[in-house]
Amino acid sequence: MPAPVASDSPSAAVPAAVPAAVPAAVPAAVPAAVPAAVPAAVPAAAGAVPRHVAIIMDGNGRWARRRGLPRPAGHQAGMGAVRAVVEAALDAGVEVLSLFAFSQENWQRPPLEVRALMTLLEEYIAREIRDLAERRVRVRIIGDRARLRGGALRAVERVEAETARATAAGARLRLNLFISYGARAELVHAARALAEEVAAGRLAPEAIDEAAFAARLFTADAPDPDLLIRTSGEQRLSNFLLWQVAYAELVISPVLWPDFGGDDLRAALAEYAGRERRYGRVGR
Ligand code: FPP
């Protein structure tokens, strides 16, 4: 019997059973050039816009509970916040926006809530696809898509294909939606890919370094997040991008996700701009 799951994140505490399936969102080809894990010089964030912003969207359930509404109503309201944040990210000149929408552990939520979230995903895509394409936003769904069914699966394939076409000459923003995603599963997938290449004689063990590992992650074609935001005041990583956020600046916002808007994103960007990124070295 599955253990009860905390309902406080796209997270959940420790899953009773981690799904065995290997996530299917593997990049078709491993990009040749992989950025070094640590930049050669120490860039101060001062005044800078982060290239990649990642967000753990949290607090939908509490938002609904405070209003005496069912949890799915909080997710529905959270969809509005996604739209506001995409718009603010475009205006600010962010290159990559990664949103944690549904974790592998979230499959253990009540079936009604899981169904509501999958329906919302379809609804979001149906409602936004044209606008995203017109604004040259390229959407990718990252996670174990083998677990998606019917309408949700068709919707993610359609939004990826249409926004890929619309941004063939270059995207203004790359929007990564993490659905059925878990960082540990992604790390295991990368380790297995390396092991298979070594076993097949295509890769020497000595050639395995940080860049080679990063090149086998689902995010291999994007820079690591510079800024990680979590809403609703919770202070956890919840199995999100564990490798990639090694040097990300963290901003914890007390705002519940459905209330998070463009001003809140701009406040987080301003906080980031005031940080000094040292990558373990001494400050200026
Ligand atoms: C965490 O809040 C949020 C989620 C598990 C789902 C996030 C989904 C959306 C924002 C809406 C749909 C988005 C897209 C991209 C279609 P929680 O339920 O854990 O809240 P709680 O901690 O207050 O219980």
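Scroll up for the structure.
Residues numbered from 1 in each chain as written. Predicted model: local features only at pLDDT ≥ 70, side-chain atom pairs only at ≥ 80, totals over all residues.

> In this structure, what is going on with the nonpolar core? I would like to understand it.
Nonpolar side chains in soluble globular proteins tend to end up buried together. Counting residues in hydrophobic clusters, the biggest one holds 64 residues, and the most contacted among them are Ala 89, Leu 97 and Leu 99. Excluding anything up to four places from it in sequence, Ala 89 contacts Val 53, Val 94, Leu 97, Leu 173 and Leu 265. (Core = buried A, V, L, I, M, F, W, Y, C linked by C-beta atoms within 7 Å. Buried ≥ 20, exposed ≤ 12 C-beta atoms within 10 Å, placed from the backbone. Contact = placed C-beta atoms within 7 Å.)

> What should I look at first to understand the pairing of strand S3 (residues 137-142) in this one?
Regular strands place their side chains on alternate faces of the sheet. Counting buried positions along S3 yields 6 of 6 residues, so the element is predominantly enclosed. Neither face of S3 is exposed, since Val 137, Val 139 and Ile 141 on one face and Arg 138, Arg 140 and Ile 142 on the opposite face are all buried. Direction of pairing for S3 relative to strand S4 (residues 173-181): parallel, over a ladder of 6 bridges. Within S4, the residue paired with Val 137 across the bridge is Leu 173. (Helix = DSSP H or I, 4+ residues; strand = E, 2+ residues; numbered from the N terminus. Pairing = 2+ DSSP bridges.)

> Teacher, can you tell me more about unusual backbone geometry here?
Note on backbone geometry: most residues besides glycine have negative phi, and most peptide bonds are trans. Positioned with a positive phi, Ser 238 is a non-glycine residue whose angle comes to about 50°. Along the chain, the position of Ser 238 falls in the loop between strand S5 (227-230) and strand S6 (249-252). For Leu 241, which is not glycine, the phi dihedral falls at a positive 45°. Topologically, Leu 241 is positioned in the loop between S5 and S6. The exposure class of Leu 241 is buried, given the 26 C-beta atoms found within 10 Å.

> Explanation requested: the environment of Glu 122 in the structure shown.
Its place among the elements puts Glu 122 in helix H3 (residues 111-134). C-beta crowding within 10 Å serves as the criterion here: with 18 such atoms nearby, Glu 122 is assigned to the partly exposed category. Sequence separation between Glu 122 and Gly 151 is 29 residues; the distance between their C-alpha atoms is 6.8 Å. Setting aside chain neighbours within four positions, we find Glu 122 in contact with Gly 151, Ala 152 and Ala 155.

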